[in-house]
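Topology and contacts: notes
One letter stands for each residue in the lines below.
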Amino acid sequence: MKKTKEELAETGPVDPRTKLLMLFLLPTVLSAGIPDHVSVLLITAAAIPVAILLIHKAIPAALIYAAAFVGAYLATTYLTPVVTPLLRTLIYTCSGLFVVVLPGAMMGYIIIRHTKTAEINAAMEKIRLTPKISIPIMVVIRFIPTLIKEAASINSAIKMRGIRFGGGKPVKIIEYRMIPLLMSSVKIGDELSMAAITRGMGAPVRRKPVYDISFNAADYILMGAGIFCVVLFIMTKVGAI
Amino acid sequence: MSEYVKENKKLQPKDFVTIGIFSAIFIFITMGVGMLTAIPVFIPLITVIIPVVAGIPFMLFLTKVKKFGMVSITGLITGILTMVGGMGIWPAILGISAAVAADLILLSARYTSKVRSVIASGVYWTFLIGTMGPIIVTRDSYYQNLLSQGMDQAYLDGLTKWVPDWSLIPLLIACFVGGILGGLLGLATLKKHFEKAGIVG
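Conventions we followed
Residues numbered from 1 in each chain as written. Chains lettered and ligands numbered in written order. Predicted model: local features only at pLDDT ≥ 70, side-chain atom pairs only at ≥ 80, totals over all residues. Heavy atoms only, no water. Helix = DSSP H or I, 4+ residues; strand = E, 2+ residues; numbered from the N terminus. Buried < 20%, exposed > 50% of the residue type's maximum accessible area, 1.4 Å probe, protein only. Contact = heavy atoms within 4.5 Å. Areas by Shrake-Rupley, 256 points an atom, 1.4 Å probe, with all protein chains shown as cover. Axes fitted to C-alpha atoms, helices over the stretch in contact; angles between N-to-C directions. Left-handed = near helix turned anticlockwise from the far one by under 90°. Nonpolar A, V, L, I, M, F, W, Y, C, P; charged D, E, K, R; others polar. Expected span 1.5 Å × (residues − 1). Phe/Tyr/Trp six-rings, centres within 6.5 Å; stacked < 30°, edge-to-face > 60°. Lys NZ or Arg CZ within 6 Å of the ring centre and 35° of its normal.

Points about the overall build of chain A
On a plain count of helices and strands, chain A comes out with 8 helices and 0 strands. Each helix and strand of chain A, ordered N terminal to C terminal, gives the series α-α-α-α-α-α-α-α. A buried classification covers 41% of the 241 residues belonging to chain A.

Remarks on the overall build of chain B
Of the regular secondary structure elements, chain B holds 11 helices and 0 strands. Listing each helix as α and each strand as β along chain B from the N terminus yields α-α-α-α-α-α-α-α-α-α-α. Scored against the burial criterion, the 201 residues of chain B give a buried share of 52%. Expressed as a percentage of contacts within chain B between residues at least 6 apart in sequence, the contacts between residues at least 24 apart total 78%. Of the accessible surface of chain B, which amounts to about 8,900 Å², a share of 70% is contributed by carbon and sulfur atoms.

Considering the packing of helix α2 (residues 13-34) of chain B against helix α3 (residues 42-53) of chain B
Residue and element names in this part refer to chain B. Interhelical geometry of α2 versus α3 gives an angle of 145° and a closest axis separation of 10 Å. Seen along the crossing, α2 lies across α3 with a hand that is right-handed. When α2 is examined against α3, the residues Ile29, Thr30 and Val33 are found in contact with a partner set consisting of Ile46, Ile49, Ile50 and Val53. For the contact of α2 with α3, the class distribution of residues is 6 nonpolar, 1 polar and no charged.

With respect to helix α7 (residues 172-198) of chain A
An ideal rise of 1.5 Å per residue puts 39 Å on 27 residues; α7 of chain A measures up with 39 Å between its terminal C-alpha atoms. Following α7 of chain A by one or two positions, Gly200 of chain A adopts a phi angle in the positive range, close to 80°.

Some words on the packing of aromatic side chains
Counted according to the given criterion, the structure contains 14 aromatic pairs over all chains. Residues Tyr124 of chain B and Trp125 of chain B carry aromatic rings whose centres are separated by 5.2 Å and whose planes lie at 85° to one another, so their mutual orientation is edge-to-face. Of the two residues, Tyr124 of chain B and Trp125 of chain B, both sit in the buried class. Measuring from centroid to centroid gives 5.9 Å for Trp125 of chain B and Phe127 of chain B, while their planes differ by 25°, and the two rings are stacked. There is no split in this pair, since Trp125 of chain B and Phe127 of chain B are both buried. One aromatic cluster is present, formed by Phe22, Phe26, Phe58, Phe61, Tyr124, Trp125 and Phe127 of chain B through successive ring pairs. Between the NZ or CZ atom of Arg17 of chain A and the centre of the ring of Phe215 of chain A, over which it lies, the distance is 4.3 Å.

Next up, the structure:
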């Protein structure tokens, strides 16, 4: 029996498709380098993750991110021209890169923290992405936080045993970290594929997502901001501004 | 029965999960080692460091690859996600082509030859040359961008010193050799650790 709209689970307030689009769009428009006088592009791009975080009611994250961005932006704009070259390099590596990389990184954070994997799956099914690509992408999104946690606990175990720099054998630095990490990764991978098969991944039928996803007003405004960024980006590229 | 055989040749969900797990590991290593590039002298060196560090997981990954497409999709996923990570479009394009080439080398031995998997490791990691693409091929506009973002001239001088125009081919060879070294290291480690533990059989 076909489920009616009311029976489907509610998604978050922002369509996961919008988030995925922004995840690709923001780094692309920002990575190519932006002349100083097009700071409106930089600020619009930075405002998109803030807006999404605010819609998700993640107020602390939004505030920290906004403060970090404003600080880095002010430092690059007003501090770099007036300080000594050495200090300038330091400020650049800390804040200049920050300004360009942060919006994309924040989108990654939003996808990992504020979006359920099933929602992303529903979004990727809706844009008809082949499972060959969507399943690995979902595993990567789901697995990278686990990987960081595993690496951190292996690191502290190594520290405890006092073999942090290979215990007098520097060649072993890689081996001591990599082997346990791979052992646990392989195990987690096996468990994940069991879970995937249980949920009917790879079955010869088209899966129906639990989540009903649709665009609403917030999505259209975010999309508008995204299109504005792309237009500015193209105009910068052809030299119109 | 025939339907079962046909299904088995295709990639299974387990294979997709394996691709995802190892893509995550490769991205983790690339990003971690990539942080060294804040110092210009490390920029040419990452072409060797990354393949050597990633050699062990790569060879472990190859023991799980038995069908065409797995290495190619890994290249596609890592390429796309490094592009999202802000490294530009070059690694994405090269990632796919190098991975398909590596996949074809493996296919030519039906995924059983150890020698060819070491060669495939060398071919796969040549995609790292893509991160050098903007520096060497479009040097002028790349420098212009960095300057307009407030980058210091000293860093650019360091970049010119350590990554000169003629270095594209030597760096490509360095990637390949790094991949081969990583592959050999990986094979030795697999023998030492994973065969005993029964993870590789």
